[in-house]
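Structural features, examined
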Amino acid sequence: SQSENRYETQRQARPPVAEERREQLQIMNRLQELARRQQDVNERLKELQTALREAPSEREREEIRRRLKRLQEEEQRMLADVDELQQRMDRAQDQSRLAEQRSQLEQAREDLQRAAEAASEGSVSQALAAGTRAERQMQEMRDQLRQENAGEFSEELRQMRAEARE
């Protein structure tokens, strides 16, 4: 009876950890998606930069500016998605662990904002530089979260092995 109660208590104590891990995995997946989307935008910015330099007529340059405007709108949508992710991180159960990632996400958001502004002004090279910084920061955040989760998982595995030996 005592051992049953002990296991009951442990089972009841573990679901918040699983919920916390699930939330972190969702944050990691969202960061990965945002980084991928920013990478796509950066590649299209590179193409537009080259096309703008080589455009022989004003009509073609105007078409490139319209495409640049669409990229700027995509940057704005990504800003909204980053804001949503920030809110999710603020609501997370273990906010102390996410403090560094939140500050990095704020920096990435500022870079996204700069990229959107530069794109709206027609400064493709500045938009590309800011977008590349934002992409790199989001990838680093995702990698950090992945390493932390892997470390926690291996620690839990060691604890379970020790319990099993006992």
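Described below are features of the structure shown in this document. (Residues numbered from 1 in each chain as written. Predicted model: local features only at pLDDT ≥ 70, side-chain atom pairs only at ≥ 80, totals over all residues. Heavy atoms only, no water.)

For the rest of this paragraph, the subject is the overall build of the protein chain. When helices and strands are counted, the protein chain shows five helices and zero strands. Each helix and strand of the protein chain, placed in order from N terminus to C terminus, yields the pattern α-α-α-α-α. Within the protein chain, the proportion of its 166 residues that are buried is 34%. Considering only residue pairs separated by 6 or more positions, the protein chain has 75% of its internal contacts joining residues 24 or more positions apart. (Helix = DSSP H or I, 4+ residues; strand = E, 2+ residues; numbered from the N terminus. Buried < 20%, exposed > 50% of the residue type's maximum accessible area, 1.4 Å probe, protein only. Contact = heavy atoms within 4.5 Å.)

Bringing the side chain of Q137 into the picture now. Within the secondary structure, Q137 is located in helix α5 (residues 124-165). With residues near it in sequence (within four places) discarded, Q137 still touches Q104, Q107, A108 and D111.

This next bit is on the packing of helix α3 (residues 58-91) against helix α4 (residues 99-121). Running from amino to carboxyl end, α3 crosses α4 at an angle of 165 degrees, the nearest separation of the two axes being 9 Å. As the angle between them shows, α3 and α4 are arranged roughly antiparallel. Here α3 and α4 pass one another in a crossing that is left-handed. Across from L68, Q72, E75, Q76, M78, L79, V82, D83, L85, Q86, M89 and D90 in α3, the residues of α4 making contact are Q101, R102, L105, E106, R109, L112, Q113, A115, A116, A119 and S120. (Axes fitted to C-alpha atoms, helices over the stretch in contact; angles between N-to-C directions. Parallel < 35°, antiparallel > 145°, perpendicular 65-115°, else oblique. Left-handed = near helix turned anticlockwise from the far one by under 90°.)

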